[in-house]
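Each chain, written out:
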2 protein chains.
Amino acid sequence: MNITLAHCQSFDNQDPVRELRELFSLPPGVIYLDGNSLGVMPKTAPARVADVVSREWGTDLIQSWNKNGWFQMPQKVGDKIARLIGANAGEVVATDSTSINLFKVLSAALNMAAEDAPRRKRIVSERSNFPTDLYIAEALCKERGYELVLVEPEDIAATLNAEVAVLMLTHVNYRTGAMHDMAAVTSAAHAEGILTVWDLAHSAGAVPVNLTVAKADFAVGCGYKYLNGGPGAPAFVWVNPMHTDRFWQPLAGWWGHATPFAFTPDYQPAPGITRYMCGTQPMISLAALECGLDATLAAEPLGGMNALRKKSLALTDLFIQLIEQRCQGFELGLATPQTHGQRGSQVCLTREVGAYAIVQALIARGVVGDFRAGDPSTGSGGTASPDILRFGFTPLYIGFEDVWHAVEHLRQVLETGEWQRAEFNQKHAVT
Amino acid sequence: MNITLAHCQSFDNQDPVRELRELFSLPPGVIYLDGNSLGVMPKTAPARVADVVSREWGTDLIQSWNKNGWFQMPQKVGDKIARLIGANAGEVVATDSTSINLFKVLSAALNMAAEDAPRRKRIVSERSNFPTDLYIAEALCKERGYELVLVEPEDIAATLNAEVAVLMLTHVNYRTGAMHDMAAVTSAAHAEGILTVWDLAHSAGAVPVNLTVAKADFAVGCGYKYLNGGPGAPAFVWVNPMHTDRFWQPLAGWWGHATPFAFTPDYQPAPGITRYMCGTQPMISLAALECGLDATLAAEPLGGMNALRKKSLALTDLFIQLIEQRCQGFELGLATPQTHGQRGSQVCLTREVGAYAIVQALIARGVVGDFRAGDPSTGSGGTASPDILRFGFTPLYIGFEDVWHAVEHLRQVLETGEWQRAEFNQKHAVT
């Protein structure tokens, strides 16, 4: 059966979480399919940020540390993130960047491994993991005499052996949108005595995550993608409570101290996840992040992450179906798994030629996705991976009619060949 | 000669940088002597932050990375900081927290020392250095087999020998306001083959700093104190260009990569200070910091840091004189050096009894300073260091009449004994 615009409109009418869209400021004339890179602004953010700036900073000044709860912000915001990732209150802090938090947890994981299994000298990860994760691991390996082993996703299981200390994975792949089965992979790693570190950058707020049920060891994630926390929002870090108090992490700054305002010259780590804090945190950015989280948590009475997941799968299914139905013959491939259990909240199309220019032509029409270059070295089985057109579907604010129009624009861009115009072929840096 | 209120008013009338005060939003009824903890809000901040939130994030979304210059913000803001610390454009980035930046530069310094002088296994610092600096050093020492040697300031020179790899100091002491002679200390360290790491948290924007002339090796500093960048503003990092390209720093995230958007799996550090970046930075907080810097740089046509320094010394001299003149017999001591060359931009008074309550009573009257507890272990020559009443004098926005009234309030608090009321004696955490 062919899907029509009217079908899409009826899907919107039946969408049980449709009302959440009203919580976000969507730029007029834009279909924003890049929430996996930078989420849109919650409508509460401008007033909240203005209040933090003008009243909390401008008027209350240092009294805000107590009066306006600045001391507790990383924990307060962390507790809200915890509700989205299957963690308990008190187990998450919102702080620093994803890269820095990864350094903390990977250091701690290596400390644990060095004590429990000193002969294990490998970290395993995916070759197409987000590069910053690989860079951080590379630096730690260099410093501590470990080897970073990078494999294709289908080869991970075979690498899990008694040589491996840590398995470090991003739950949903940033390029392809492919999702790991966190519980199964963690269980397989544990069966071999391997600790797991999960990067939730493309899953927190996008798909249901349950770190507790999965018995994961460490996790980090990003505040500015599906959590809609604003550009460069603080990231977050979670550590399984079984491990939290066993080790320091090396970024042992005063905010992770048991009694920071005792100003003692020696470090005593705070109990619990607070020891994963380091320096003073940006209050203005934390306040914006909290607005994004509140908008996401508004889904809780409507079914929460499960309802959002159901919609996300319906949106990505619809996009895939409409591409098949309306963009036949334009040499588009699909990089994202069809199987629901293996798909995040994005769809990545491949094209041998013109992917960058097609994305630019779509942006000129107000359909914002992004481009990721292929890499001749990263394909499976020795084949090159092609260039990617990447489209994120944030179920909080993307509707079914948006999907219809996005595909229609793509069809027109391909059919008219307008992407071949010079203006769309000039490359600039894009995120 | 006794100083009168009229004298103070005439000092204000003759103050060549008086007009800068108009650039800041000073809370009504408050004399804010805590800019050394959290600087006040520049008047431009609310509109600038609102624009970043509503237009750059809300409307332009990911296009802001190019369109609104987000990619360049850490370097752009860093270049403005460079003008205040005797560094050149391209040598500073505004990023992360002071603690994290200290970890980066101390790691790099240890890497250099390990290569150039592998038998040197000590880091020397001051026992009363700001604790987070000591914690970070302690963690790195533990990890790399170094020893952290903590001494009193007068004993530093004697510890500089062939066992020492790095001398790590805060330029202006956070408790006492005592300032090191950066050029002389650096020169003495270099004469012994020792690298220097300077924390400028209490000097950038407060006193003239010239890292280039001092031939310092590494420096970090804070954005939210004298630079008025807002609560938890990004910090900064500088590396002597001689050293920058020699080593990685271990927080090797994608923003420090030579080509972050090539998404290559292996790390290639960017040339220059950009390699001291790690993850994505908070744009809203960076914009607020830039407002603070612009207000400070507005002093340049009026004589810049030298003019601000002249005023700062006049303000702290006046405060010390007025305390001597008007608070005799109240058992106040002076922890801050009288010698100009050894004084930052704050004055710390000591009192055996009641320091905390006196600070609280002053705050209740609208005179905001802060309290730092003494430490029986940190005094010189084995004597205990007493509790401290700490008053910061930011020459950008504090006037001479403010100093008069602050001392008058202190005199009244002491004379009436109102600090002995129970409400002022209940301790809460303060920064």
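See above for the structure.
Given the structure is predicted, the values throughout are model-derived calculations rather than measurements.

K.L.:
Mind showing me how you'd approach the interface of chain B and chain A here?
P.N.:
Note on interface size: it is often stated as the accessible area lost on association of the parts. Contacts between the two partners involve 80 residues from chain B and, on the opposite side, 80 residues from chain A. Buried surface at the junction of chain B and chain A, both sides included, amounts to about 6,700 Å², of which 71% is carbon and sulfur. Counting the surface chain B buries against chain A, the share from its top three residues, Trp57, Ile62 and Tyr135 of chain B, is 12%. Along the contact surface separating chain B from chain A lie two salt bridges. Linking Arg144 of chain B and Glu143 of chain A is a salt bridge whose minimum nitrogen-to-oxygen distance equals 3.3 Å. Counting every contact that joins chain B to chain A gives 17 residue pairs in polar contact (both at pLDDT 80 or more). Of all elements in the fold, only β3 (41–42), α2 (45–60), α3 (64–67), α5 (98–116), α6 (131–144) and α11 (283–297) of chain B reach the threshold of two or more residues within the side of chain B that touches chain A. Considering each element in turn, the side of chain B that touches chain A owes the most residues, 10 residues, to α6 of chain B.

K.L.:
When you look at the pattern of salt bridges in this model, what are you seeing that I'm missing?
P.N.:
Note on pairing: side chains with opposite charge can pair once their charged atoms come close. The final tally for this structure, using the stated rule, is 56 salt bridges over all chains. With a closest N to O distance of 2.8 Å, Glu408 of chain A and Arg411 of chain A form a salt bridge. Taken together, the positions of Glu408 of chain A and Arg411 of chain A, both in helix α14 (residues 400–416) and three residues apart, correspond to about one turn of that helix. The same class applies to Glu408 of chain A as to Arg411 of chain A, namely buried. We note a salt bridge from Arg122 of chain B to Glu147 of chain B, for which the minimum N-O separation is 3.2 Å. With Arg122 of chain B in strand β5 (residues 122–126) and Glu147 of chain B in strand β6 (residues 147–151), this pair connects stretches of sequence that are 25 residues apart. Here Arg122 of chain B falls in the partly exposed class, since its relative accessible area comes to 27%. In this structure Glu147 of chain B comes out as partly exposed when scored by relative accessible area, which is 41%. A single salt-bridge network, built from bridges that share partners, covers Arg48, Lys76, Lys80, Glu290 and Asp294 of chain A.

K.L.:
When you look at the environment of Leu110 of chain A in this model, what are you seeing that I'm missing?
P.N.:
Residue and element names in this part refer to chain A. One can find Leu110 in helix α5 (residues 98–116). For Leu110, a relative accessible area of 1% gives the class buried. Each C-alpha atom of the pair Leu110 and Val124 lies 12 Å from the other, and the pair is 14 residues apart in sequence. Those residues in contact with Leu110, other than ones at most four positions away along the chain, are Ile123, Leu140, Arg144, Tyr146 and Val166.

The rules behind the values
- Residues numbered from 1 in each chain as written.
- Chains lettered and ligands numbered in written order.
- Predicted model: local features only at pLDDT ≥ 70, side-chain atom pairs only at ≥ 80, totals over all residues.
- Heavy atoms only, no water.
- Contact = heavy atoms within 4.5 Å.
- Buried area = accessible area lost by both parts, 1.4 Å probe.
- Salt bridge = Lys/Arg side-chain N within 4 Å of Asp/Glu carboxyl O.
- Polar contact = N/O pair within 3.5 Å; in protein donor to acceptor, adjacent residues only side chain to side chain.
- Helix = DSSP H or I, 4+ residues; strand = E, 2+ residues; numbered from the N terminus.
- Buried < 20%, exposed > 50% of the residue type's maximum accessible area, 1.4 Å probe, protein only.

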